[in-house]
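# What the coordinates show
Given next are the chains, with one letter for each unit.
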Amino acid sequence: MDHLKKRRKHTSILSYWTIRYLLIISSGLLLTALVTFWWIQQEAMNNRMQTTGLLAQEIADRSIGADGNLNITPALDSLIEDRKRFFKLTAEMCVIITGAKGELLFSQPQMTEEQMRYELNDSLDAARSPEFKTAVATIQGNSQTLGHVMVLQAKRTLKYIPREEITFFFIIVIFLIILSWLTIYLLSIKLAQPIQRVAAAASQISGGEYNIVLETEAKEREIHELLLSFQEMAGKLQQFEQSRAVMLAGVSHELKTPVTSIKGLVHAVREGIVEDEEADEFLDIALLEAERLQRMVADLLDYNALTAGIVAIRHDRLDAVPLLEEIVYQWKLTQNGDVLEPDLQLPAKPLLLRGDPLRIQQIIVNLLNNSVQARRQGHQLQLNIRLAQSPQGQAEITVTDNGKGIEPDNRELIFEAFFRSSDKQSILRGLGLGLTFSRLLAEAMGGSLQLGDNREQGCSFVVTLPLWD
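Residues numbered from 1 in each chain as written. Predicted model: local features only at pLDDT ≥ 70, side-chain atom pairs only at ≥ 80, totals over all residues. Heavy atoms only, no water.

### Regarding a nonpolar patch on the surface
Convention followed: A residue counts toward a patch only above 30% relative accessible area and without a salt bridge, and it is joined to like-charged neighbours within 9 Å or, for Val, Leu, Ile, Met, Phe, Trp and Tyr, to nonpolar neighbours within 5 Å. Areas reported here follow the Shrake-Rupley algorithm with a probe of radius 1.4 Å; residue values treat only the protein chains shown as occluding. Salt bridges, as used here, are contacts in which a Lys or Arg side-chain nitrogen is within 4 Å of a carboxyl oxygen on Asp or Glu. In DSSP terms, a helix is any run of H or I states spanning at least four residues, a strand is any run of E spanning at least two, and both are numbered starting from the N terminus. The buried label applies to any residue whose accessible area, calculated with a 1.4 Å probe on protein chains only, is under 20% of its type's maximum; exposed applies above 50%, and partly exposed to all values in between.
Judged by side-chain polarity, Phe 168, Ile 172, Phe 175, Leu 176 and Leu 179 come together as a nonpolar surface patch covering roughly 480 Å² of accessible area. Within the fold, Leu 176 resides in helix α6 (residues 163-206). Look at Leu 176 and you get partly exposed, because its relative accessible area is 35%.

### Re a negative patch on the surface
Rules: For the purpose of counting charges, residues Lys and Arg are taken to be positive, whereas Asp and Glu are taken to be negative. His and the chain ends are not included. Charged groups are reduced to one reference atom each: NZ for lysine, CZ for arginine, CG for aspartic acid, CD for glutamic acid.
A cluster of like negative charges, contributed by Glu 275, Asp 276, Glu 277, Glu 278, Asp 280, Glu 281 and Asp 284, occupies part of the molecular surface. Residue position: Asp 280 is located in helix α8 (residues 276-307). Judged by relative accessible area, which is 46%, Asp 280 ranks as partly exposed.

### Details of helix α12 (residues 434-444)
Listing the buried residues of α12 in full gives Leu 435, Thr 436, Phe 437, Ser 438, Leu 441 and Ala 442. Following α12 by one or two positions, Gly 446 has its phi on the positive side, about 90°.

### A word on the nonpolar core
Worth spelling out the cut-off: Buried Ala, Val, Leu, Ile, Met, Phe, Trp, Tyr and Cys residues that are joined via side-chain atoms within 4.5 Å together make up what is termed a nonpolar core. Every residue pair with non-hydrogen atoms within 4.5 Å of one another is taken to be in contact.
In terms of nonpolar packing, the biggest core is built from 37 residues, with Ile 360, Leu 367 and Phe 461 touching the most fellow members. With residues near it in sequence (within four places) discarded, Leu 367 still touches Val 399, Leu 435, Leu 449, Phe 461 and Val 463. Core analysis: the second largest hydrophobic core is formed by 16 residues, Ala 56, Leu 79, Ile 97 and Ala 137 among them.

### Observations regarding unusual backbone geometry
With an omega of 5°, the peptide bond running from Gln 108 to Pro 109 counts as cis. Relative to the elements of secondary structure, Pro 109 occurs in the loop between β2 (104-108) and α4 (113-119). One non-glycine residue with positive phi stands out, namely Asp 276, at about 55°. The residue Asp 276 is located in helix α8 in this model.

### Notes on the pattern of salt bridges
For the structure shown, the criterion picks out 3 salt bridges. Here Glu 58 makes a salt bridge to Arg 62, at a shortest N to O gap of 3.7 Å. Of this pair, Glu 58 and Arg 62 both sit in helix α2 (residues 13-62), 4 residues apart, roughly one helical turn. By relative accessible area, which is 21% here, Glu 58 ends up partly exposed.

### Describing the packing of helix α9 (residues 320-333) against helix α10 (residues 357-373)
Convention followed: Only C-alpha atoms enter the line fits that serve as axes; for helices the fit covers just the stretch in contact. Angles between N-to-C directions range over 0 to 180 degrees. Should an angle fall under 35 degrees it is taken as roughly parallel, and over 145 as roughly antiparallel, whereas 65 to 115 is taken as roughly perpendicular and any remaining angle as oblique. Handedness of a crossing is defined here by the sense of rotation of the near helix relative to the far one, left-handed for an anticlockwise turn of less than a right angle and right-handed for a clockwise turn. Only Asp, Glu, Lys and Arg are considered charged in this grouping, and only Ala, Val, Leu, Ile, Met, Phe, Trp, Tyr, Cys and Pro are considered nonpolar; every other residue, Gly among them, is considered polar.
As a packed pair, α9 and α10 sit with axes 10 Å apart at the nearest point and diverge in direction by 45°. In terms of their interaxial angle, α9 and α10 are classed as oblique. Both α9 and α10 take part in a crossing whose hand is right-handed. From α9, Leu 323, Leu 324, Ile 327, Gln 330 and Trp 331 reach across to α10, where they touch Pro 357, Ile 360, Gln 361, Ile 364, Val 365, Leu 368, Asn 369 and Val 372. A breakdown of the residues in the contact of α9 with α10 according to their chemical character gives 10 nonpolar, 3 polar and no charged.

### Side note on α10
In an α-helix, one turn spans 3.6 residues; hence positions three or four apart end up facing the same way. Note the following rule: Expected helix span is given by 1.5 Å per residue-to-residue step, counting one fewer step than there are residues.
Between its first and last C-alpha atoms α10 spans 24 Å; for 17 residues at 1.5 Å apiece the expected length is 24 Å, and the two agree. For α10, the complete set of buried residues consists of Arg 359, Ile 360, Ile 363, Ile 364, Asn 366, Leu 367, Leu 368, Asn 370, Ser 371 and Val 372.

### Thoughts on the sheet that holds β2
Operational definition: What makes two strands pair is DSSP finding at least two bridges between them.
Here we have 4 strands laid out as an open sheet, ordered β2-β1-β4-β3, and antiparallel in their pairing. With partners counted over all chains shown, the strands left at the sheet margins are β2 and β3 (132-141), one partner each. Across the sheet, the mean angle from the axis of one strand to that of its neighbour is 15°, orientation sign disregarded. Note: β3 against strand β4 (residues 144-154), 10 bridges, orientation antiparallel. For Thr 138, the partnering residue across the bridge sits in β4 and is His 148.

### With respect to the packing of aromatic side chains
Applied cut-off: Note on aromatic pairs: the rings of Phe, Tyr and Trp (six-membered ring only in Trp) are paired at centre separations within 6.5 Å, and the planes decide the class, stacked below 30 degrees, edge-to-face beyond 60, tilted for the rest.
Taken as a whole and assessed by the stated rule, the structure comprises 2 aromatic pairs. Ring geometry for Phe 169 versus Phe 170: centroids 5.6 Å apart, planes at 85°, classification edge-to-face. Under the relative-accessibility criterion, Phe 170 is labelled partly exposed at 31%.

### Considering the sheet that holds strand β6 (residues 343-345)
With mixed pairing, the 5 strands of this open sheet are ordered in space as β6-β8-β9-β11-β10. What marks the edges here is a single partner per strand, and that holds for β6 and β10 (448-451). The mean inter-strand angle of the sheet, taken between neighbouring strand axes irrespective of direction, is 15°. α9 rests against β6, β8 (383-389) and β9 (394-401) of the sheet, and its axis sits at about 165° to β8. Here α12 sits on the sheet and contacts β10 and β11 (460-466); the angle it forms with β10, its principal contact strand, is near 135°.

### Topic: the environment of Arg 317
Along the chain, Arg 317 turns up in strand β5 (residues 316-319). On the basis of relative accessible area, Arg 317 is assigned to the exposed category, the value being 53%. Considered as a pair, Arg 317 and Leu 352 are 35 residues apart in the sequence and their alpha carbons are 6.7 Å apart. Once residues within four sequence positions are removed from consideration, Arg 317 is found in contact with Leu 352, Leu 353 and Trp 468.

Remember that the coordinates give geometry; whether it matters functionally is a separate question.
The structure is reproduced here in structure tokens:
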């Protein structure tokens with residue numbers, strides 16, 4: 001219980017991304033807004049200082065009379081007031097005109113010589129306080145300096161931005177934050193919905209419900225592929241579950257049948273129900289059933305071992321012609337006389353391949369036994385085995401018979417584990433692992449086992465194996 005309490009609480013993808021994105025975008029935009037606001041203030045101060053400098057120069061030009069001498073007229077006050085209104089300069093501005101020796105000639109607002117010197121530093125061309133900035137213009141007349149015009153303004157007034165502009169600026173920032181958040185919110189919803197559907201479907205699968213139907217259509221390719229892949233996976237899991245149930249039922253039935261037969265036969269002999277020759281016959285039948293049971297168990301163990309990858313496969317250099325002749329000869333010795341000698345079509349030149357001779361024999365013998373089981377009643381079985389080199393540079397062994405053939409509906413299923421056609425289920429006992437095991441063996445040696453082309457009668461299997469380099 002403690003580890004459950006300590007388990008980290010998970011949040012939805014919608015909350016996770018939207019909250020974090022909102023914090024990131026808000027911090028970024030606010031930082032950008034502050035930097036931009038500072039830059040706007042600096043630009044405003046520079047622009048106003050340029051305007052102040054133009055005003056100082058205009059006052060200097062208006063302070064020269066027609067004779068080229070310094071002439072400060074009473075109209076200068078109205079000129080300054082007009083320029084303040086025109087350039088939207090603040091009322092805190094101070095205009096000072098000094099003579100060639102630095103004496104005070106004019107000031108607005110009015111001030112004494114001592115006050116002027118207090119406001120300006122020793123050079124009388126700049127404000128003493130760092131909170132003020134000064135624009136200076138020289139009064140030139142008759143090729144000489146007649147005086148100076150100094151316009152002082154406070155930095156805070158130079159940097160001043162109207163409240164309406166500040167309000168509008170921050171409204172834009174807030175609008176961008178909301179727009180950015182809304183964008184990521186809608187994108188997160190778009191992304192979260194298919195993930196939620198997949199999570200809900202996965203929860204159903206974990207509960208044993210495999211019949212999942214997902215809406216796989218999506219504009220985004222990745223989401224479409226995710227939904228489609230999950231839908232296909234659910235279908236495969238449903239098939240596997242059905243196959244597992246069929247497999248367990250089939251294996252249980254096939255293993256139970258010989259065990260029941262052996263038990264009944266031995267019990268009949270032990271209880272004396274049958275005696276003498278009949279008892280021996282019962283025991284012989286019991287031995288045959290025991291051998292069949294042993295063969296089925298061996299097939300099941302071999303299949304499990306090969307699918308788990310724990311069966312050793314050799315890759316020897318083999319001469320295919322004598323190997324195939326020996327396999328067919330040994331197989332023919334185990335057959336009754338109603339099976340004709342297989343027709344071998346072998347190349348004139350040696351064909352060297354790479355593989356495991358024992359596994360190749362297992363594959364060929366299994367195909368031949370399947371042909372014997374598929375022979376038509378009242379017809380003699382004819383087998384054809386052809387060895388050739390394919391255009392792709394591999395050895396091809398084709399096994400063909402004239403038996404019942406394979407129904408079109410079963411052609412895609414014959415290599416499935418535990419699959420048996422309906423006619424085999426009623427006649428033969430087995431687990432349906434022969435072709436599956438043979439294909440796994442061929443693939444383990446670097447080859448393949450495929451069903452040949454459709455035939456009117458019988459069927460054809462093609463085994464491909466790599467050639468020796």
